[in-house]
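Breakdown of the fold
What follows is each chain in one-letter form.
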Amino acid sequence: MRGVIFDGKQVRVVADLEVREPGPGEVRVAISAAGLCHSDLSVVDGTIPFPVPVVLGHEGAGVVETVGVGVTHVAPGDHVALSTLANCGTCAECDRGRPTMCRRAIGRPGRPFRHGGSPVHQFASNSAFAERTVVKAVQAVPIPDDVPPTSAALIGCGVLTGVGAVLNRARVDRGDSVLVIGTGGIGLNVLQGARLAGAGRIVAVDANPAKEEAARRFGATEFLTSAEGVRDLLPTGVDHAFECVGRVELIRQAIDALDRHGQAVLLGVPPAAAEASFRVSSLYLDKSILGCRYGSSRPQRDIALYAELYCQGRLLLDELVTRTYPVEDFEKAAADAEAGRVARAVLTF
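Everything in this summary refers to the structure shown in the same document. Here the structure is a predicted model, which is why all the values come from computation and not from measurement.

Let us look at the environment of L317. Examined against the element boundaries, L317 turns out to sit in the loop between α9 (299-311) and β18 (323-326). In contact with L317, not counting residues within four places along its chain, are S151, L154, I155, V159 and Y310.

The relative placement of two packed helices comes down to the angle between their axes together with the axis-to-axis distance. Packing of helix α4 (residues 158-170) against α9 leaves a shortest axis separation of 11 Å and a crossing angle of 100°. Taken as axis vectors, α4 and α9 run roughly perpendicular relative to one another. Of the residues in α9, those touching α4 at V159, L160, V163, G164, L167 and N168 are P299, R301, D302, I303 and Y306. By residue class, the composition of the contact of α4 with α9 is seven nonpolar, two polar and two charged.

Take the packing of α4 against helix α5 (residues 185-197) next. Where α4 meets α5, the axes come as close as 7 Å, and the angle between the chain directions of the two elements is 40°. Regarding the angle of α4 to α5, the classification is oblique. When the axes of α4 and α5 are compared, the crossing they make is right-handed. Counting all contacts with α4, which are made through G158, V159, T161, G162, V163, V166 and L167, the residues of α5 involved are I186, N189, V190, Q192, G193, A194, L196 and A197. A per-class count over the contact of α4 with α5 returns nine nonpolar, six polar and no charged.

Time to look at a nonpolar patch on the surface. A contiguous nonpolar patch, built from F278, V280, Y284, L285 and I289 and spanning about 480 Å² of accessible area, is present on the exposed surface. Looking at the element boundaries, Y284 is found in the loop between β16 (258-266) and β17 (288-291).

A few words on the packing of aromatic side chains. Under the defined criterion, the tally for this structure stands at two aromatic pairs. When the centroid spacing of 5.1 Å and the interplanar angle of 85° are considered together, the rings of F50 and F123 count as edge-to-face. Here F50, found in the loop between α1 (38-45) and β5 (54-55), pairs with F123, found in the loop between β9 (118-122) and β10 (132-136); they are 73 residues apart in sequence, far enough to count as distant. Looking at F123, the relative accessible area reads 6%, which means it is buried.

Any two side chains of opposite charge can pair, so long as their charged atoms come close to each other. Taken as a whole and assessed by the stated rule, the structure comprises 19 salt bridges. As a salt-bridge pair, R201 and E222 come within 2.9 Å of each other at their nearest N and O atoms. Of this pair, R201 sits in strand β13 (residues 201-205) while E222 sits in strand β14 (residues 222-224), placing them 21 residues apart in sequence. A salt bridge links D206 to K211; its shortest N-O distance comes to 3.7 Å. Connected via shared salt-bridge partners are E21, R28, E65 and R132.

With that out of the way, let us pick up the sheet that holds β17. The strand order β14-β13-β12-β15-β16-β17 describes an open sheet built from six strands, whose pairing is parallel. Of all strands in the sheet, those with a lone pairing partner are β14 and β17, marking the two edges. The mean inter-strand angle of the sheet, taken between neighbouring strand axes irrespective of direction, is 20°. In terms of strand pairing, strand β12 (residues 177-181) meets strand β15 (residues 238-243) through four bridges, oriented parallel. Across the sheet, the residue bridging to L179 is A241, located in β15.

The rules we used
- Residues numbered from 1 in each chain as written.
- Predicted model: local features only at pLDDT ≥ 70, side-chain atom pairs only at ≥ 80, totals over all residues.
- Heavy atoms only, no water.
- Helix = DSSP H or I, 4+ residues; strand = E, 2+ residues; numbered from the N terminus.
- Contact = heavy atoms within 4.5 Å.
- Axes fitted to C-alpha atoms, helices over the stretch in contact; angles between N-to-C directions.
- Parallel < 35°, antiparallel > 145°, perpendicular 65-115°, else oblique.
- Nonpolar A, V, L, I, M, F, W, Y, C, P; charged D, E, K, R; others polar.
- Left-handed = near helix turned anticlockwise from the far one by under 90°.
- Patch = residues over 30% accessible without salt bridge, like charges linked within 9 Å, V, L, I, M, F, W, Y side chains within 5 Å.
- Areas by Shrake-Rupley, 256 points an atom, 1.4 Å probe, with all protein chains shown as cover.
- Salt bridge = Lys/Arg side-chain N within 4 Å of Asp/Glu carboxyl O.
- Phe/Tyr/Trp six-rings, centres within 6.5 Å; stacked < 30°, edge-to-face > 60°.
- Buried < 20%, exposed > 50% of the residue type's maximum accessible area, 1.4 Å probe, protein only.
- Pairing = 2+ DSSP bridges.

Given below as structure tokens:
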């Protein structure tokens, strides 16, 4: 079968990748479509350290092919969107409804694939850039059959992260003011999360003025090409600022834009050793800096909710898909994503 492998030096699209049968509590899924997220590219450029060789991809949707012993919530033929959260379901964090904090779901890559007779790692417990993948049952979430796979694929990362950061982590309330720095795939979902939450003023910031139209479509009430203009619009600052790029100078701008009791939510991924600075006194008056992993999501609940909101016409998914590419054109898709020519590139099988 076809798949995208990174061996530590180069990315290759191979045709002879193999994946094992599902074990107890596992599901094998035939991937229909997979979004190309910046995190995949961050593995290639070294921003996210990961063992190699590895099958890339972590934002996918497809059809259940086979299930292992004990799996009852999905069956062969079911359409599913995949999450990256292979949480155990039994630890204290899972029991508290915080599966993103499950320690068994972090940093323990499996190797269900083989290529050339050697085992290959799975990225983010998912590896959606393969015709078939094996995931834990908890990662496969049933969705309506009429949700197009190219749109459904995006729920499992970009939508969960962006919309979830607004609804689950920041808990934006009606009438709140929101600043979103960076309007790529994550930023657009933060914008529509703020719209769903009923935010009053939603200010999008992106250095590329061509992104204004999309930002406004997803929920922005104002658009700026620099965060320096935020105080002109909201002199006292904003209630919530989301940094969606991963640059330390933009993190500082997010913090500096806060009003009293405001909170800055960090979603962008800078290099692992990056350090940010800010004036300590700027956090007095109950201001906060919040990290956020995977939108603080509960995927079995949230993916199903977002699919339903899409079916109701309240959540934009089709509009996120700038262009689709056959998996063989991965290099072209990656180049377009790096150059900012697409909000989301989607690979198809």
